[in-house]
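# Per-entry structural report
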Amino acid sequence: EPEVTQTPSHQVTQMGQEVILRCVPISNHLYFYWYRQILGQKVEFLVSFYNNEISEKSEIFDDQFSVERPDGSNFTLKIRSTKLEDSAMYFCASRDSNMNTEAFFGQGTRLTVV
Amino acid sequence: LAKTTQPISMDSYEGQEVNITCSHNNIATNDYITWYQQFPSQGPRFIIQGYKTKVTNEVASLFIPADRKSSTLSLPRVSLSDTAVYYCLVGRSSGSARQLTFGSGTQLTVLP
């Protein structure tokens with residue numbers, strides 16, 4: 001079964017540092033997403049990306065966040081200056097172009113800001 | 001987006017059928033109903049999707065009444081490994097991300 005892969009599985013960073021979370025979506029998919037889940041809380045939408053641009057973003061996705069699809073396979077989430085409250089699981093997801101299709105989620109990156 | 005309401009938690013025993021109901025009173029005409037499963041420290045996993053009546057796949061059934069204001073996910077003969085959080089999502093399946101808005105979900109615990 002095709003899968004979305006995320007690296008690293010766990011990242012520890014100091015407050016104020018920049019982090020890049022990486023994702024390899026399923027190869028024929030066209031829509032890409034980032035979600036986060038703070039420990040014990042629900043999965044929260046951050047941003048969607050289609051045709052090399054952001055199509056939607058939530059209020060969480062402020063100026064410290066950015067996304068990029070640099071080479072046609074990777075999809076990255078950058079947090080410029082991490083805060084303690086950015087500690088969470090970050091999930092990447094992708095889906096294909098068909099109507100009514102499921103989104104496939106990666107296993108997530110656990111980000112710990114200290 | 002249609003707001004969804006689910007029970008916070010449910011307990012069941014191995015081998016039993018489990019039914020989790022989700023309320024979505026303001027569902028729109030174009031909205032589909034989708035259920036995801038999430039194990040601890042893993043990404044959500046698609047279970048089933050439907051628009052009306054009944055949908056069945058190899059892992060679950062989804063029952064949707066005629067008014068579509070609720071839906072019931074049915075898991076036949078659950079096992080311990082079905083212990084997870086189950087999310088009901090309602091929205092248009094048009095490629096936009098907004099339909100993938102997760103609520104609080106239902107924590108299902110399967111007991112031996």
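Placed above this text is the structure.
Now for a quick tour of the structure. Computed from a predicted model, the values in this text were never measured in an experiment. (Residues numbered from 1 in each chain as written. Chains lettered and ligands numbered in written order. Predicted model: local features only at pLDDT ≥ 70, side-chain atom pairs only at ≥ 80, totals over all residues. Heavy atoms only, no water.)

If you look at the biggest cluster of nonpolar residues, it comprises 23 residues, and the most contacted ones within it are A:Trp34, A:Leu46, A:Phe61, A:Val67, A:Phe75, A:Leu77 and A:Tyr90. Secondary-structure elements contributing two or more residues to this core are strand 3 (19-24), strand 4 (31-37), strand 5 (44-50), strand 7 (65-68), strand 8 (75-79), strand 9 (88-95) and strand 11 (109-113) of chain A. Excluding residues within four positions of it along the chain, A:Leu46 makes contact with A:Trp34, A:Tyr35, A:Arg36, A:Glu56, A:Lys57, A:Ser58, A:Ile60, A:Phe61, A:Leu77 and A:Tyr90. In this structure, B:Cys22, B:Val78, B:Cys88 and B:Val90 belong to the second largest nonpolar core, which totals 20 residues. (Core = buried A, V, L, I, M, F, W, Y, C linked by side-chain atoms within 4.5 Å. Buried < 20%, exposed > 50% of the residue type's maximum accessible area, 1.4 Å probe, protein only. Helix = DSSP H or I, 4+ residues; strand = E, 2+ residues; numbered from the N terminus. Contact = heavy atoms within 4.5 Å.)

Residues and elements named next belong to chain A. Read from one edge of the open sheet, 4 strands run 1-3-8-7, paired in antiparallel fashion. With one partner strand each, in any of the chains shown, strand 1 (5-7) and strand 7 form the two edges of the open sheet. Taken pair by pair, the neighbouring strands of this sheet meet at an average axis angle of 20 degrees, ignoring direction. Pairing between strand 7 and strand 8: 4 bridges, direction antiparallel. Note that in strand 8 the partner of Glu68 across the bridge is Thr76. (Pairing = 2+ DSSP bridges. Axes fitted to C-alpha atoms, helices over the stretch in contact; angles between N-to-C directions.)

Residues and elements named next belong to chain A. With 5 of 7 residues buried, strand 5 is to be regarded as a mostly interior element. Pairing geometry for strand 4 and strand 5, over 6 bridges, is antiparallel. What sits directly across from Arg36, in strand 5, is Glu44. The pairing of strand 5 with strand 6 (residues 53-57) spans 4 bridges and is classified as antiparallel. Its bridge partner being in strand 6, Ser48 is matched across the sheet by Glu56. Between strand 5 and the antiparallel strand that follows it, strand 6, lie 2 residues; Asn51 among them carries a positive phi value of about 55 degrees.

This part covers the sheet that holds strand 6 (residues 61-64) of chain B. Residues and elements named next belong to chain B. Spatially, the 4 strands line up as an open sheet ordered 2-7-6-5, and their pairing is antiparallel. One side of each edge strand has no neighbouring strand; the edge strands of this open sheet are strand 2 (18-23) and strand 5 (53-56). For this sheet, the mean angle separating the axes of adjacent strands, direction not counted, is 15 degrees. Where strand 5 meets strand 6, 4 bridges bridge the pair, whose relative direction is antiparallel. Counterpart to Lys54 in the pairing with strand 6 is Phe63.

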